[in-house]
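One letter stands for each residue in the lines below.
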Amino acid sequence: MGWERSVEKWLSDERLDGKLKEQLAQLMGNDRELEDRFYKNLEFGTGGMRGELGVGTNRMNIYTVRKAAEGLACYIEDQGELAKQRGVVIAYDCRHGSPEFALEIARTVGNHGIKAYLFNELHPTPILSFAVRYLYAFAGVMITASHNPPEYNGFKVYGPDGGQMLAPQMADVLVQYVNQIENELKIDVADVAELIEKDLLTYIGKQVDNAYINALTSIMQDKQLIQSVADTLKIVYTPLHGTGNIPVRKGLEAFGFQNITVVKEQELPDANFPTVTSPNPEEHEAFELAIKYGKEMDADLLLGTDPDTDRLGIAVKNHDGEYEVLTGNQTGALMLHYLLTKKKENGTLSENGVFIKTIVTSNIGREIAKSFGIQTIDTLTGFKFIGEKMKEFEETKEHTFLFGYEESYGYLIGDFVRDKDAVQSAVFAAEVAAYYKAQGKSLYDGLLEIFDRYGYYKESLYSLTLKGKKGTEKISAILNAFRKNPPAQIAGLNVIKVEDYLFSESRNLQTMEVKEITLPQSNVLKFTLEDGSWFCIRPSGTEPKAKFYFGVKGSSLNESQCLNQQISEAVLQLVEKM
């Protein structure tokens, strides 16, 4: 069906929501906008289904949410009666439409006789992951668009292990069920009162929250250490208008930290995120207010979480007395080094322990793990792949999971959650800060010590935003150009290896030897240069962006910074020519 017929179908359907129908009527005559909204169905990517809010098959609205929920319900039905009884846990964040979408999911799956556990108020993504495991549910759904701008929302699906269900093999299965639904406007939903009466809808909250906080204390490595500086370590925290305010504060208090100040202007949930351009702790400007607070009280540590509280950013004072927002790679290195140090001291470092990272995450973590005799495993980009490895090792007992992180500010310490967890990360970052404060040092001092020992690694990311159908085509063209004609040199350095994850092959350009890549297929290219530097290109799975990652290692901060800049500029100049 062409987009024109889809528009006609929606406009003529008497069941179409009044506000959406009015929005569609106002768009009539704007063929470019209508085509973008109806030329395809909203698709599942790295983080599930995510898109702009509004009318259309390529937008987030109650009908596209119902379609996804209907596909999930049909899939669960085919798994048998026990799967239906175990049910689905549903959570939502602070975004526009989130509570309504969550309820529509409960009404949709409930219409199939599937039990739904619905949180009674907004909650972070990691607590949804925890709840799936805690309640022994068969699946979970999180309504969130993570750190995207206010006009976005999304639908993330979780499996029985609490990890994102959309691993490659499962994605094909679930998508088939969703695609079999011909008309999203005709999906039946149940009455809420009737679902409650039949015990097919249960509201949840404090019991799960308390169990999560109890589990959270299990990642604490040194209680006495924390107690020694608990009243003097000054922490500023901003939830950036999201879901983290209550759980992060409760987590810090459970660990024993006493000196916590919350950024008042960003404390309460707000779907418009009025104080920031982007509610993303990866963006340094998101810390402007936290830095202002930090300067006023001479804080040791600034913490910031994104709207669904799965990403954590931190800022610390550098040697010039200015607060510096650390990269995800730097924060991950600090956490990993502290964790392994303490486990070795405590005699709890597993011989078969494993550290898991993504292919675009810094190699400094590998060097740290190696120095402790711990193996490192790489996965594709997306924390769901780390979660998959955790599930595999839980079943095979081949390894014991110790720590996982990705460069995009996602970390996980305790395996009671199977997705990145900013609540865990916030309390653990505070413990790492306490470790250095007890020595009379800052986290920045600790980072420099790690660089001195393992090398001055420097990574950067450039995102090229290209919206709409035309944008998608341009992103595809960029990947194809690099794939068909890989550069021989970048910034005067020879390209010695090309890894093509779409065709599962790694090619050494010096020896022409070809090796198989055993990771799942993905439209990703990674180039390694003769000095060990690298860059990687991939389309975002959740945003209309082409992402360019760069990584180098130097003998000083300045050298690594300069080299990273040279390589990134050379690559982006090639992109401009395209």
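One can find the structure itself at the top, above this paragraph.
Quick word on the packing of aromatic side chains
Phase 1 of the analysis: Following the criterion strictly, the structure yields 21 aromatic pairs and no others.
Phase 2 of the analysis: A connected cluster of aromatic rings, assembled from ring pairs, spans F130, Y134, Y212 and F416.
Phase 3 of the analysis: One Lys or Arg, R86, reaches over the ring of Y136 and ends 3.6 Å from the middle of that ring.
Phase 4 of the analysis: One Lys or Arg, K526, reaches over the ring of W534 and ends 4.5 Å from the middle of that ring.

Some thoughts on the sheet that holds strand β16 (residues 410-412)
Phase 1 of the analysis: If you trace the four strands from one edge of the open sheet to the other, you get β14-β13-β15-β16, paired in mixed fashion. Only two strands of the sheet have a single partner each, and these edge strands are β14 (375-379) and β16. If you compare each strand with its neighbour and ignore which way they point, the axes differ by 20° on average.
Phase 2 of the analysis: Each of β13 (353-358), β14, β15 (400-406) and β16 touches helix α16 (residues 383-396); the most contacted strand, β13, lies at about 160° to it.

With respect to helix α4 (residues 62-77)
Phase 1 of the analysis: With 16 residues, α4 extends 22 Å between its outermost C-alpha atoms, agreeing within 8% with the 22 Å of an ideal straight helix rising 1.5 Å per residue.
Phase 2 of the analysis: For α4, the N-terminal cap is N61; the gap from its side-chain oxygen to the backbone nitrogen of Y63 is 3.0 Å.

Section: the environment of A137
Phase 1 of the analysis: In this structure, A137 sits in the loop between α7 (125-134) and β5 (139-143).
Phase 2 of the analysis: Judged by relative accessible area, which is 0%, A137 ranks as buried.
Phase 3 of the analysis: Between the C-alpha atoms of A137 and I213, which are 76 residues apart in sequence, the distance is 20 Å.

Examining the sheet that holds strand β9 (residues 260-262)
Phase 1 of the analysis: Read from one edge to the other, the open sheet built from five strands follows the order β9-β8-β10-β11-β12, with strand pairing classed as mixed. Edge strands, defined here as strands with exactly one partner in the open sheet, are β9 and β12 (323-325). When the angles between neighbouring strand axes are averaged without regard to direction, this sheet yields 25°.
Phase 2 of the analysis: Note that strand β10 (residues 301-305) and strand β11 (residues 312-317) share four bridges and pair antiparallel. Bridge assignment links L302 to a residue of β11, and that residue is A315.
Phase 3 of the analysis: Relative to β9, helix α12 (residues 245-255) is tilted by about 170°, and along the sheet it contacts β8 (235-238), β9 and β10.

Cut-offs used in this document
- Residues numbered from 1 in each chain as written.
- Predicted model: local features only at pLDDT ≥ 70, side-chain atom pairs only at ≥ 80, totals over all residues.
- Heavy atoms only, no water.
- Phe/Tyr/Trp six-rings, centres within 6.5 Å; stacked < 30°, edge-to-face > 60°.
- Lys NZ or Arg CZ within 6 Å of the ring centre and 35° of its normal.
- Pairing = 2+ DSSP bridges.
- Helix = DSSP H or I, 4+ residues; strand = E, 2+ residues; numbered from the N terminus.
- Axes fitted to C-alpha atoms, helices over the stretch in contact; angles between N-to-C directions.
- Contact = heavy atoms within 4.5 Å.
- Expected span 1.5 Å × (residues − 1).
- Polar contact = N/O pair within 3.5 Å; in protein donor to acceptor, adjacent residues only side chain to side chain.
- Buried < 20%, exposed > 50% of the residue type's maximum accessible area, 1.4 Å probe, protein only.

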